[in-house]
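Fold and geometry: a report
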Amino acid sequence: MKYIKYSNGDLMPSLGLGTWKSAPGEVYKAVREAIAIGYRHFDCAHLYNNEPEIGQAFADAMTAGEVKREELWITSKLWNNRHRKEQVQPALELTLKNLRLDYLDLYLIHWPIALREDVTFPTKADEMLSLNVTPLTETWEGMIAVQEMDMALHIGTSNFSIKKIKELTEVTGVKPENNQVEMHPFLQQNALKSFCDAEGISLTGYAPLGSADRPANRIMEGEPKLFDNKVIKDLAESKGCSVAQLMLAWAVSRGTCTIPKSVNPARLKENLEAADIELSEADLAQMAAVNMNYRYIKGDFWCLPGSDYTLENLWDEGV
Ligand SMILES: NC(=O)C1=CN([C@@H]2O[C@H](COP(=O)(O)OP(=O)(O)OC[C@H]3O[C@@H](n4cnc5c(N)ncnc54)[C@H](OP(=O)(O)O)[C@@H]3O)[C@@H](O)[C@H]2O)C=CC1
Ligand SMILES: O=C1CO[C@H](CO)[C@@H](O)[C@@H]1O
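Going by the annotation in an unreviewed UniProt entry, the name recorded for the protein chain is Aldo/keto reductase, with Lacihabitans soyangensis given as the source organism.

Right, here's the structure in full:
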């Protein structure tokens, strides 16, 4: 396993397990199996509605002596309807209770979007809060406070643009330590990566395999398919690995972290083993050429008519 080093020396395993869409009833088994075969990094979120079951799996694995808390890297995310400064601590307390933990390794602001407290997913503009009313810098101050209380050892953002990261840093003087964004061979995030590399901010890539199990209404007809790409397929064949493994090895080789989701024992193993596949400069150059800045999770679901959220001010620097 490769690791990403934080400024205090903490090490985040470069490959972790995603848990969005891992359904209650199956996520417990998946997490136990993952721990048993060597996963040590788990990506969670309040939104995923499965933190209690994941917490049970952590607790049982620790009781069984399979792993110690300090050997695990556990990330979770603040949902959009708890963006007021004073809401951050109670939101994190609930996540910690559900996950049966005393602290998180990393806590992220899930989206640069603010919602009314009683709304999980908005269907109309008046369920959203303008960033002029609930600015991201206010949410970030709440995140800084929970880090100071050691409830989260590290804090960061998700789905944040360069512009929004700069704004947080300029206003509060505290830089996010990690930004989690969609990233895979079709969306290589080169500008964001150069910025984060220069600033010492680690990047985690979500949907590293293209998120084929996302809700059907989020799948565009005719969208490009990573698993059908000839360059990726040929290179995987020449390396003697699967297409999924090549994409994960690519993410790890370029110094980013990747969090593929699976609830299938064979694929859990296949994905974990990808972290140890070495790619040459020539392999990386071939993969670089596959980029098409294609985003599967478009964020258009936030852009409700009458709200002040648009795709332009969500992504700032473009897709
Ligand atoms: N911060 C954010 O806004 C977001 C964060 N995320 C995080 O990122 C994680 C990963 O992204 P996600 O959207 O789940 O999508 P992924 O790109 O990880 O794809 C998951 C799909 O790929 C399948 N799969 C897994 N391994 C393989 C393999 N080796 N070969 C072929 N198919 C495979 C899974 O099926 P099966 O389970 O049956 O193996 C599932 O259908 C999430 O689970 C979540 O933790 C995701 C989206 C947004
Ligand atoms: O992590 C996530 C999973 O899916 C959600 C959408 O349905 C996203 O909002 C979110 O970022």
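Don't stop here, the text continues.
1. Description of the overall build of the protein chain
A tally of helices and strands in the protein chain yields eleven helices and twelve strands. Over its C-alpha atoms the protein chain spans a radius of gyration of 19 Å, differing by no more than 12% from the 20 Å that the globule rule assigns to 319 residues. Along the longest, intermediate and shortest principal axes, the C-alpha atoms of the protein chain span 55 × 45 × 40 Å. For the protein chain, the residues scored as buried account for 54% of the 319 residues in total. Counted over contacts in the protein chain with a minimum sequence separation of 6, partners at least 24 positions apart contribute 74%. Put simply, the protein chain shows about 13600 Å² of open surface, and 51% of that area lies on carbon and sulfur atoms.

2. Considering the site of ligand 1
The local shell around ligand 1 holds 31 residues, among which Lys21, Asp43, Ser211, Ser262 and Arg267 are the closest. Here a nitrogen atom of ligand 1 and a side-chain polar atom of Gln180 are 2.9 Å apart. Between ligand 1 and the protein, one listed contact pairs an oxygen atom with a backbone N or O atom of Val263 at 3.0 Å. Coverage of ligand 1 by the protein amounts to 90% of the 900 Å² it exposes when considered alone. Here the shell around ligand 1 takes three residues from helix α9 (residues 265-274), the largest share from any one element. Here the shell around ligand 1 is built from residues that sort into 13 nonpolar, eleven polar and seven charged.

3. Thoughts on the sheet that holds strand β5 (residues 73-78)
Within a sheet, each strand pairs with its neighbour through backbone hydrogen bonds, oriented either parallel or antiparallel. Pairing within the open sheet is parallel, and its eight strands lie in the order β3-β4-β5-β6-β9-β10-β11-β12. Whereas interior strands pair on both sides, the edge strands pair on one side only; in this sheet they are β3 (17-18) and β12 (257-258). Here two bridges tie strand β11 (residues 202-206) to β12, and the two strands are oriented parallel to one another. Each residue of the ladder has a partner; that of Thr204, found in β12, is Cys257.

4. Brief notes about the site of ligand 2
Near ligand 2 the following residues occur: Trp20, Leu47, Tyr48, Trp79, His110, Trp111, Phe121, Arg218 and Trp302. Summarising the interface, the protein chains cover 91% of the accessible area of ligand 2, which totals 290 Å² for the free molecule. Split into classes, the residues belonging to the shell around ligand 2 amount to seven nonpolar, one polar and one charged.

5. Brief notes about the confidence of the model for the protein chain
In this model, the protein chain carries a mean pLDDT of 97, and residues with pLDDT of at least 70 account for 100%. Overall fold confidence (pTM) sits at 0.98, and the ipTM for the predicted complex is 0.98.

6. Let's talk about the nonpolar core
Among the nonpolar cores identified, the biggest contains 87 residues, and Val31, Phe42, Phe58, Tyr107, Trp111 and Trp302 are the most heavily contacted of them. It is helix α8 (residues 243-253) that contributes the most residues to this core, eight residues altogether. Those residues within four positions of Phe42 in sequence are excluded, and the remaining contacts are Leu17, Val31, Ala34, Ile35, Phe58, Leu72, Trp73, Ile74 and Thr75. The next biggest cluster of nonpolar side chains, apart from the first, holds seven residues, and it includes Ile4, Tyr6, Leu106 and Leu108.

7. Considerations on the pattern of salt bridges
Close approach of charged atoms allows side chains with opposite charge to pair. Across all of its chains, the model carries 18 salt bridges by this definition. The salt bridge partner of Lys261 is Asp213, with a shortest N-O separation of 3.0 Å. With Lys261 in the loop between β12 and α9 and Asp213 in the loop between β11 and α7 (230-239), this residue pair connects regions lying 48 residues apart in the sequence. Using a relative accessible area of 37% as the deciding quantity, one classes Asp213 as partly exposed. Between Lys269 and Glu273 there is a salt bridge, and its shortest N-O distance comes to 2.9 Å.

8. Concerning α8
Most of α8 sits inside the fold, with ten of its eleven residues counted as buried. Within the span of α8, buried status applies to Val243, Ala244, Gln245, Leu246, Met247, Leu248, Ala249, Trp250, Ala251 and Val252. In this structure, the buried side of α8 is in contact with α7, β12, α9 and α10 (281-288).

9. Section: the pairing of strand β10 (residues 178-182)
Within β10, five of the five residues are buried, leaving the element largely enclosed by the surrounding structure. Two elements, strand β9 (residues 152-158) and β10, share two bridges in a ladder whose sense is parallel. By the bridge assignment, Ser158 is partnered in β10 with Gln180. Handedness of the crossover joining β9 and β10 through helix α5 (residues 162-172): right-handed. With five bridges joining them, β10 and β11 adopt parallel strand pairing. Within the sheet, the bridge partner assigned to Gln180 lies in β11 and is Thr204. Regarding the hand of the β-α-β motif, the stretch spanning β10, helix α6 (residues 190-199) and β11 is right-handed.

Conventions used here
- Residues numbered from 1 in each chain as written.
- Chains lettered and ligands numbered in written order.
- Predicted model: local features only at pLDDT ≥ 70, side-chain atom pairs only at ≥ 80, totals over all residues.
- Heavy atoms only, no water.
- Helix = DSSP H or I, 4+ residues; strand = E, 2+ residues; numbered from the N terminus.
- Rg over C-alpha atoms; globule rule 2.2 N^0.38 Å.
- Buried < 20%, exposed > 50% of the residue type's maximum accessible area, 1.4 Å probe, protein only.
- Contact = heavy atoms within 4.5 Å.
- Areas by Shrake-Rupley, 256 points an atom, 1.4 Å probe, with all protein chains shown as cover.
- Near = heavy atom within 4 Å.
- Polar contact = N/O pair within 3.5 Å; in protein donor to acceptor, adjacent residues only side chain to side chain.
- Nonpolar A, V, L, I, M, F, W, Y, C, P; charged D, E, K, R; others polar.
- Pairing = 2+ DSSP bridges.
- pLDDT = per-residue confidence, 0-100.
- Core = buried A, V, L, I, M, F, W, Y, C linked by side-chain atoms within 4.5 Å.
- Salt bridge = Lys/Arg side-chain N within 4 Å of Asp/Glu carboxyl O.
- Right-handed = clockwise from strand over helix to strand, strands pointing away.

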